[in-house]
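Residue-level structural notes
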Amino acid sequence: MSKKPRSMTIGALAKAAGMGVETIRYYQRRGLVEEPEKPYGSIRHYDDETLARLHFIRTAQWLGFSLDEVGGLLKLQDGTHCDEARVLGEQKLAKVREKISSLRRIERTLEGLVQACCTEQGDVKCPLITSLYKGVEENTS
């Protein structure tokens, strides 16, 4: 027994995808999602394939891909470009690891500044505020 494909208005599609109508329209303007033809005197209808594409876009964004990168991935979706998709994934992974490294440096710096705030006494200005004025990177080099 085959499942009958859904036919959704843009509002129903937006609700099913968990995003706003304007987001879908923006994706259409960017060429990420096709806008179906509008029958004369009627409204456009979207199918499950469009919903799946919206889920793909959201998942890719969650993984850190920009909309331009998502567009590139969508062009590779026929399954014959696995090596190209892998390269894009490897590049994104390298950038994520770079960000994690940077966030760890930020964490260590903030941890030290917060600790310095707890130990300073007397007429000393707040070490955290003073460091921000001086430039935290100067103080951690």
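Each residue is numbered by its place in its chain's sequence as written, counting from 1. Residue-level local features of this predicted model are given only where pLDDT is at least 70; pairs of side-chain atoms are given and counted only at 80 or more, and the full residue set underlies all totals for whole chains, interfaces and linings. The basis for the side-chain values is all heavy atoms of the structure; hydrogens and waters are excluded.

1. As for the overall build of the chain
For helices the rule is a DSSP run of H or I covering at least 4 residues; for strands it is a run of E covering at least 2, with both sets numbered from the N terminus onward. Within the chain, the regular secondary structure consists of seven helices and zero strands. Along the chain, helices and strands appear, N-terminal first, in the series α-α-α-α-α-α-α. The buried label applies to any residue whose accessible area, calculated with a 1.4 Å probe on protein chains only, is under 20% of its type's maximum; exposed applies above 50%, and partly exposed to all values in between. Considering the chain as a whole, with its 141 residues, one finds that 21% of them fall into the buried category. The contact definition used throughout considers only heavy atoms, calling two residues in contact when any of these lie within 4.5 Å. Long-range pairs, those at least 24 residues apart, make up 50% of the contacts in the chain between residues at least 6 apart in sequence.

2. Notes on the nonpolar core
Put simply, a nonpolar core is a bunch of buried Ala, Val, Leu, Ile, Met, Phe, Trp, Tyr and Cys residues held in one set by side-chain atoms that sit within 4.5 Å of each other. In terms of nonpolar packing, the biggest core is built from 20 residues, with L13, I24, Y27, L32, L54 and I57 touching the most fellow members. Where this core is concerned, the elements lending two or more residues are α1 (10-17), α2 (21-30), α3 (48-62) and α4 (67-75).

3. Here's the deal with the environment of L13
Residue position: L13 is located in helix α1. Apart from residues lying up to four places away in sequence, L13 is in contact with M8, I24, Y46, T50, L51 and L54.

4. A closer look at the environment of I43
Topologically, I43 is positioned in the loop between α2 and α3. Taking the relative accessible area as the measure of exposure, I43 reaches 45% and is therefore partly exposed. Linking I43 and I10, residues 33 residues apart in sequence, is a C-alpha distance of 9.1 Å. Discounting residues that sit within four places of it in the chain, I43 has contacts with T9 and K38.

5. With respect to the confidence of the model for the chain
When pLDDT drops low, the exact placement of atoms in the prediction is not to be read closely. pLDDT expresses how confident the predictor is about each individual residue, on a scale running from 0 to 100. On average, residues of the chain score 88 in pLDDT, and 89% of them are at 70 or above. Within the chain, the lowest mean pLDDT, 55, falls on helix α7 (residues 136-140), and the highest, 97, falls on α2.

6. Points about the packing of α2 against α3
Working convention: axes come from line fits to C-alpha atoms, limited for helices to the stretch in contact. Angles between N-to-C directions cover 0 to 180 degrees. In contact at an axis separation of 12 Å, α2 and α3 are set at 90° when each is read in the N-to-C sense. As far as their axial angle goes, α3 and α2 are roughly perpendicular. The residues of α3 that touch α2, namely those facing T23, I24 and Y27, are L54, I57, R58 and Q61. Residues belonging to the contact of α2 with α3 are distributed by class as follows: four nonpolar, two polar and one charged. Under this scheme an angle from 65 to 115 degrees is roughly perpendicular, one under 35 degrees roughly parallel, and one over 145 degrees roughly antiparallel; angles in between are oblique. Put simply, Ala, Val, Leu, Ile, Met, Phe, Trp, Tyr, Cys and Pro go in the nonpolar bin, Asp, Glu, Lys and Arg in the charged bin, and everything else, Gly too, in the polar bin.

7. As for the environment of A60
Within the element layout of this structure, A60 appears in helix α3. Accessibility expressed as a relative area gives 7% for A60, which makes it buried. Separated by 13 residues in the primary sequence, A60 and L73 have C-alpha atoms spaced 8.8 Å apart. Setting aside residues no more than four positions away along its own chain, A60 makes contact with F65 and V70.

8. A look at the pattern of salt bridges
Counted as salt bridges are all cases of a side-chain nitrogen of Lys or Arg within 4 Å of a carboxyl oxygen of Asp or Glu. Counting across every chain of the model gives seven salt bridges. Between E69 and K92 there is a salt bridge, and its shortest N-O distance comes to 3.0 Å. Residue E69 is found in helix α4, and its partner K92 is found in helix α5 (residues 82-119); the two are separated by 23 residues along the sequence. Among the residues examined, E69 registers a relative accessible area of 26% and is labelled partly exposed. Between R86 and E90 there is a salt bridge, with its nearest N and O atoms 3.0 Å apart. Here E90 and R86 lie together in helix α5, a separation of four residues that amounts to about one turn. Through salt bridges that share partners, E69, K92 and K95 make up one connected network.

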